[in-house]
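Read off the chains here:
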Amino acid sequence: MKCILVASEGAEVLFYWADPDFLASLHQRFETHDQSGDEPPALEDSINTLFAPVIISSMTLLERLGDTYSCFSAENGKHLYVLRMFGECLYIAVNGDGSESEDDLRRKLYVLRRLTEAHFGLVTLDSHLIRRELRPVDSEQRAHVWRLFQSLLETYNQLYHEDQSFLVEAVERLIHPQLCEQCIEFLERQVVQHINGSPERAGHEVVHAFLLVHTKLLAFYSSRNASSLRPADLLTLLLIVQDLYPSNASEEQNGLQLSEDKPSPQQLHSSDSIPVKSSCPGETSQEQVADDASVPEEFYTPKASPSQQSAGDAAWSEGVDSQGEGEVNSADVQIAEDSLHTLMPSTSEATNPRRIFLDANLKEGYCPMMPHTVHCLPLWPGISLVLLTKGPSSQVALPLYQLLDGFLVVEKKLREGQEIGQPLRSYPLLLELRHRMDKFVKKLGGQEPQLQNAWLEFKNRIFSRSEALNPSEILQAFCSIRRQLCAVYRLLFLGSSGAQGLPRSMLDRAQQFTQDKLQDWRDFLLVKSKRNVTMSTYLEDFPGLVHFIYVDRTVGQMVAPSLGVAEDGASELGKGPLPAFIKEKVWSLVALARSYLQKGYTTMTLRDGDFYCTYFLWFENELGCKLEVTDVPVLSDDSAPIGTLAGDYYRKLLRYYSKSHTGEVVKCYELLTIHLGVMPTELVIQQGCDLARQLWEPTRIPLL
């Protein structure tokens, strides 16, 4: 029984999500109490009635005491409530079946907050505007917005409980360096450069392009002028892609069966596909060992291409329809096309552009919510090409953010009663903001009369020498100008023209071209994604090791053996209850390690029944030399959850540790291991050190 609610200060429901059990309980409660014989109240009204006392009491405490409760239990301890204020909106998470802890519920609230920021950008800084976005006046538009976030929450909940990468909030790479390198090359030369060099793009520029196999990253390419993509932003994009095109085992199996029964025309003649080059003699990298242990090489390795010459230019100019040498039976072509059509989503779905706001470090400055457009192009079920573009108006976002940030800094000092030390009109930061704002309004011309009028009124009131204003009037003036800046941002990037992206024809060509390049690799990639890293690779060197998760927190990447717990999934642990049992151990170990890390512990050893569990967090310099251990900050119980998607813990931790190591690059790593309980403690710790040393080198493949 689960529910998540977002409410305003006036107890107005801005958004809700509830599972079927909670809805059934709600319906039963209000149906029983309805003695008049009339129809039971609408669902939204029932939720409002149920949560109104909680919202009102929380807001009253906040208003009178400046603080409020963050967690409580009800219904004789059966229901757990977690509350969090973000701006002027109250987020509430409820669990009534005991399946989620306080940390789990708090994590959900922070993920929802992250998703709202990713979809609405700087509009989240103004409570009035974000209420209008989350709860539009039009009922159909409101239902659309709520369905969007409800679906994202359900997808996140599923991935969090099934996927190790979302459990530890780090990206898992598909380990195949040779294929990765060649994919990056064709993404650069034959996708990104072709799109950015075409006059059809209408001012849009592809800044990032990457290939996904389920939730695993195959290849990632960024254009030269692009800002680096934060791990939290990349995880958000992975969540959106999985929500748009969720993994479907039956569709993938149909695709694999089709490829085995009837080879497609591209398989019969694949001059455009990525060729496989033979490895150097004596090469025994860890990735190759994992590949050999995962799938038989002779079955999935495609034959060498008859031509090494790139066909990218011809493909883009002619729509990748050329047959080359050798004709194929037209009936076979039609059968393959019809079968492929049944497996692929419609074109209108494939080009689904979505506006999203991501961090950007530009030469001109930092902008935490730079507008981008996401184009998710499904190649086959489970495999997608994602293009991230910036539009011609995105450059306005940086000066807008700098102005908003400056006004918020001054407003915060005034609200907290901090002494500025001089008259407000002579405050240096406000004088600089006045100069910037004058230039910004002048640049807009007469396009935004409301902003012009608000700015003129602000200057007349704040910079007037004759009129003495009380603090409430000053704060009201700051609030007004902040709202107008957010309104300009909303009009530019969330209006009717905000989600426009690349032309449909250009996306179709990119989709078809990438399909041709990866046609021979499709079956291999789908199998590889399920057995990316196999535990059998490490058993000889690390006897007694059952499972591990290795995370490079500097770049947000992880390596872990696959845990196949589905009934039809292949698992090294076999079938039956054992895979699910190990999976439960892994999830509980991660939760326990986070709770100790929150208290300031970076090392943990635990004997749990027949298993021995360990957790290590450490820092290294760029050469891989370990740095001395220092105390990490102790967090309060109601602090943001440890993670990257739900919080910003590791970036802050790296910044904190780097203060004592100026002049060198500091990197952060984590390792969780599960050994058999008969292993001596000294051997378990030694194996952990050796395993970390062995895993360090493969993570340096430059994907991000």
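Up top is the structure.
Residues numbered from 1 in each chain as written. Predicted model: local features only at pLDDT ≥ 70, side-chain atom pairs only at ≥ 80, totals over all residues. Heavy atoms only, no water.

Draft legend 1. Quick look at the packing of aromatic side chains. Using the criterion set out here, one finds 31 aromatic pairs in the structure. Centre to centre, the rings of Phe22 and Phe51 are 6.5 Å apart; their planes meet at 25°, and the pair counts as stacked. Of this pair, Phe22 sits in helix α1 (residues 20-33) while Phe51 sits in helix α2 (residues 43-65), placing them 29 residues apart in sequence. Since its relative accessible area comes to 1%, Phe51 is described here as buried. (Phe/Tyr/Trp six-rings, centres within 6.5 Å; stacked < 30°, edge-to-face > 60°. Helix = DSSP H or I, 4+ residues; strand = E, 2+ residues; numbered from the N terminus. Buried < 20%, exposed > 50% of the residue type's maximum accessible area, 1.4 Å probe, protein only.)

Draft legend 2. Representation of the side chain of Asp19 in the model. With respect to the helices, strands and loops of the structure, Asp19 is situated in the loop between β2 (13-18) and α1. In this structure Asp19 is buried but unpaired, with Lys2 as the nearest side chain of opposite charge at 4.5 Å. Within polar-contact distance, the side chain of Asp19 engages the backbone nitrogen of Phe22 at 2.9 Å. (Lys, Arg positive; Asp, Glu negative; His and termini not counted. Salt bridge = Lys/Arg side-chain N within 4 Å of Asp/Glu carboxyl O. Polar contact = N/O pair within 3.5 Å; in protein donor to acceptor, adjacent residues only side chain to side chain.)

Draft legend 3. Representation of the sheet that holds strand β7 (residues 205-213). The 11 strands lie next to each other as β9-β10-β11-β7-β8-β6-β13-β12-β16-β15-β14, forming an open sheet whose pairing is mixed. Edge positions in the sheet fall to β9 (353-362) and β14 (603-608), since each has one partner strand and no second. Averaged over all pairs of adjacent strands, the angle between their axes in this sheet comes to 30°, without regard to strand direction. Relative to strand β16 (residues 667-676), strand β12 (residues 545-552) runs antiparallel, the two being bridged by seven bridges. In the sheet register, Leu545 faces β16, and the bridge partner there is His675. Running over the sheet, helix α24 (residues 649-658) touches β9, β10 (365-380), β15 (611-620) and β16 and is turned about 55° from β15. (Pairing = 2+ DSSP bridges. Axes fitted to C-alpha atoms, helices over the stretch in contact; angles between N-to-C directions. Contact = heavy atoms within 4.5 Å.)

Draft legend 4. Representation of helix α21 (residues 522-530). Across the nine residues that make up α21, a large majority, eight, are buried. Within the sequence span of α21, burial applies to Arg522, Asp523, Phe524, Leu525, Leu526, Val527, Lys528 and Ser529.

Draft legend 5. Spatial organisation of the pairing of strand β5 (residues 89-95). The element β5 is extensively covered by neighbouring structure, given that seven of its seven residues are classed as buried. Two elements, strand β1 (residues 2-7) and β5, share six bridges in a ladder whose sense is antiparallel. Bridge pairing links Cys3 to Val94 in β5. The hairpin turn running from strand β4 (residues 79-86) into β5, its antiparallel successor, is two residues long, and Gly87 in that turn takes a positive phi close to 65°.

Draft legend 6. Up close: the packing of helix α5 (residues 139-162) against helix α8 (residues 231-244). The N-to-C vectors of α5 and α8 enclose an angle of 105°; their axes lie 9 Å apart at closest approach. By the angle class used here, α5 and α8 are roughly perpendicular. Here α5 contributes Ser151, Leu152, Thr155, Tyr156 and Leu159 to the contact with α8, which in turn contributes Leu239, Ile240, Gln242 and Asp243. (Parallel < 35°, antiparallel > 145°, perpendicular 65-115°, else oblique.)

Draft legend 7. Examining empty space enclosed by the protein more closely. Counting across every chain of the model gives eight cavities of 30 Å³ or more. A volume near 80 Å³ is recorded for the largest cavity. Considering the residues around the largest cavity, the lining is formed by Val168, Arg553, Val590, Ala593, Arg594, Leu597, Tyr615, Tyr650, Glu670 and Leu672. Residue assignment for the lining of the largest cavity shows that the elements contributing at least two residues are α23 (577-598) and β16. No other element matches the four residues that α23 contributes to the lining of the largest cavity. Of the residues that constitute the lining of the largest cavity, the class distribution is seven nonpolar, no polar and three charged. (1 Å grid on protein atoms, 1.4 Å probe; cavity = no way out; pocket = protein on both sides within 12 Å on 5 of 7 lines; lining within 4 Å. Points joined across faces, edges and corners; volume = space filled by probe spheres on them. Nonpolar A, V, L, I, M, F, W, Y, C, P; charged D, E, K, R; others polar.)

Draft legend 8. Summary view of unusual backbone geometry. The backbone phi angle of Ala11 is positive, close to 65°, even though this residue is not glycine. Mapped onto the elements of the fold, Ala11 is located in the loop between β1 and β2. One non-glycine residue, Ala202, lies in the positive phi region at around 55°. Tracing the chain through its elements places Ala202 in the loop between α7 (177-196) and β7.

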